[in-house]
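Single-letter residue listing:
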Amino acid sequence: MAMPVNVLDKRTIKIGFIGLGLMGSRLTRRLHAGGWKVQAWNRSAGPADQLKREGVAIAPSLAELVVGSDVVLSSLANDEAVYSVYFANQGVFSAAKRGTIILEMSTISPDLSRLLHRQACALGIHLLDMAISGSTPAVEAGTITLLAGGDQKSFDQCAPLYESIAKQWFLMGPGSSGVQMKLVVNLLLGLDMQAIAEAVSLGEHLKIDRNVMLDVLSRTTVIPPAFVGKFQKIKSGDYSPEFPLRLMSKDMDLAMRAARSSGAVLPAATAAQSILASNITANGDLDLAAITPFVIGQKANG
């Protein structure tokens with residue numbers, strides 16, 4: 001008979017959140033609003049100062065945040081940021097107590113994720129890679145999907161925390177399975193946006209009324225719910241970021257690297273990766289949907 005799991009109790013558990021970018025700041029706000037005892041830390045002061053004004057406790061240093069937390073969450077930009085935060089002197093691994101639970105939520109390479117799991121195991125720390133599927137509006141609404149890799153007990157213990165930030169959560173398998181599934185999901189995200197951009201380009205070149213075309217496309221069953229909002233961005237030309245193009249390009253690079261190492265052949269993804277990369281300099285901080293005017297403006301050969 002399975003032993004009952006002692007789930008996290010928000011009345012007593014202390015949460016530490018590392019990384020206050022587009023996703024991390026919103027996740028921290030939700031945890032704070034949900035009644036968790038949360039303190040946060042960010043590598044640059046600006047985002048931390050904003051949350052402090054909103055009543056969130058800000059730790060004076062990364063090490064002090066980790067030492068004072070039972071559960072540590074991190075949401076960082078890339079492999080470099082994650083490696084630095086975890087392995088630096090006075091970083092997460094040098095400060096964390098045995099038994100600390102860590103939810104690492106960044107989209108990183110499976111290789112780095114496996115390294116984090118090995119180091120955590122050696123230190124008696126319970127680490128889950130906990131990738132997020134969903135952009136900033138989904139974080140604000142609490143409707144993200146969580147994709148985890150790690151042990152079942154730690155995963156089950158954190159259920160009350162998931163309930164505060166997510167609509168659904170899945171344990172995909174052992175360590176790094178969550179980030180691997182995130183690459184599968186975001187490969188589809190990148191391909192879908194490329195397909196939408198090409199469909200809009202065809203419609204424009206066929207001289208279909210632009211606004212009618214965008215309205216009708218957004219109502220068809222072939223458009224996934226996550227993309228319906230992109231049509232308003234295309235219509236208005238307002239590409240303020242929900243999921244920045246530079247991060248989509250980074251994720252596509254990770255997916256293609258994983259494909260090469262595993263032997264998967266992804267011809268459509270190769271083309272999408274090239275389009276994203278060509279937009280980084282001009283549009284990297286804009287929303288992923290900003291590839292649409294680029295695709296529309298391409299000239300035919302010959």
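For the structure, see preceding data.
These remarks concern the structure in this document. Predicted model only: the values in this text are computed from it and were never measured.

1. A word on the layout of surface pockets
Then comes step 1: Here the second largest pocket is characterised by a volume of approximately 360 Å³.
Then comes step 2: Taken together, 17 residues line the second largest pocket, and the ones lying closest to its centre are Pro110, Leu183, Ala258, Ala259 and Ser261.
Then comes step 3: Residue assignment for the lining of the second largest pocket shows that the elements contributing at least two residues are helix 6 (110-122), helix 10 (177-205) and helix 13 (245-262).
Then comes step 4: Ranked by the residues each element gives to the lining of the second largest pocket, the list is headed by helix 13, at 7 residues.

2. Description of the pattern of salt bridges
Then comes step 1: Counted by the stated rule, this structure contains 10 salt bridges.
Then comes step 2: A salt bridge links Arg26 to Glu140; the shortest N-O distance between them is 2.8 Å. Residue Arg26 is located in helix 1 (residues 22-33), and its partner Glu140 is located in helix 7 (residues 136-141); the two are separated by 114 residues in the primary sequence.
Then comes step 3: The closest approach of N and O atoms between Lys235 and Asp215, which form a salt bridge, is 2.5 Å. Residue Lys235 is located in helix 12 (residues 228-236), and its partner Asp215 is located in helix 11 (residues 210-219); the two are separated by 20 residues in the primary sequence.
Then comes step 4: In this structure Lys235 comes out as partly exposed when scored by relative accessible area, which is 27%.
Then comes step 5: Three or more residues are tied together by salt bridges with common partners; here these are Lys230, Glu242 and Asp287.

3. What about helix 1?
Then comes step 1: The end-to-end C-alpha distance of helix 1 is 17 Å, a good match for the 16 Å that 12 residues give at a rise of 1.5 Å each.
Then comes step 2: Positive backbone phi, at 90 degrees, marks Gly35, one or two positions downstream of helix 1.

Cut-offs used in this document
Residue positions are given per chain, counting from 1 as you read along its sequence in written order. Local features in this predicted model are restricted to residues whose pLDDT is 70 or higher, and side-chain atom pairs enter the listing and the counts only when it is 80 or higher, whereas totals over whole chains, interfaces and linings include all residues. To obtain the side-chain values, all non-hydrogen atoms of the structure were used and water was disregarded. Cavities and pockets are found on a 1 Å grid laid over the protein atoms alone: a cavity is a set of points where a 1.4 Å probe fits but cannot escape, a pocket is an open set with protein on both sides within 12 Å along at least five of seven lines, and a lining residue has an atom within 4 Å of such a point. Grid points are joined across faces, edges and corners, and a volume is the space filled by probe spheres set on the points. In this description a helix means any DSSP run of H or I spanning at least four residues, a strand means any run of E spanning at least two, and both kinds are numbered starting from the N terminus. Salt bridge, as used here: a side-chain nitrogen of Lys or Arg that lies within 4 Å of a carboxyl oxygen of Asp or Glu. Any residue under 20% of the maximum accessible area for its type is buried, any over 50% is exposed, and the rest in between are partly exposed; the area is computed with a 1.4 Å probe on protein chains only. The span you would expect from a helix comes to 1.5 Å times its residue count less one.

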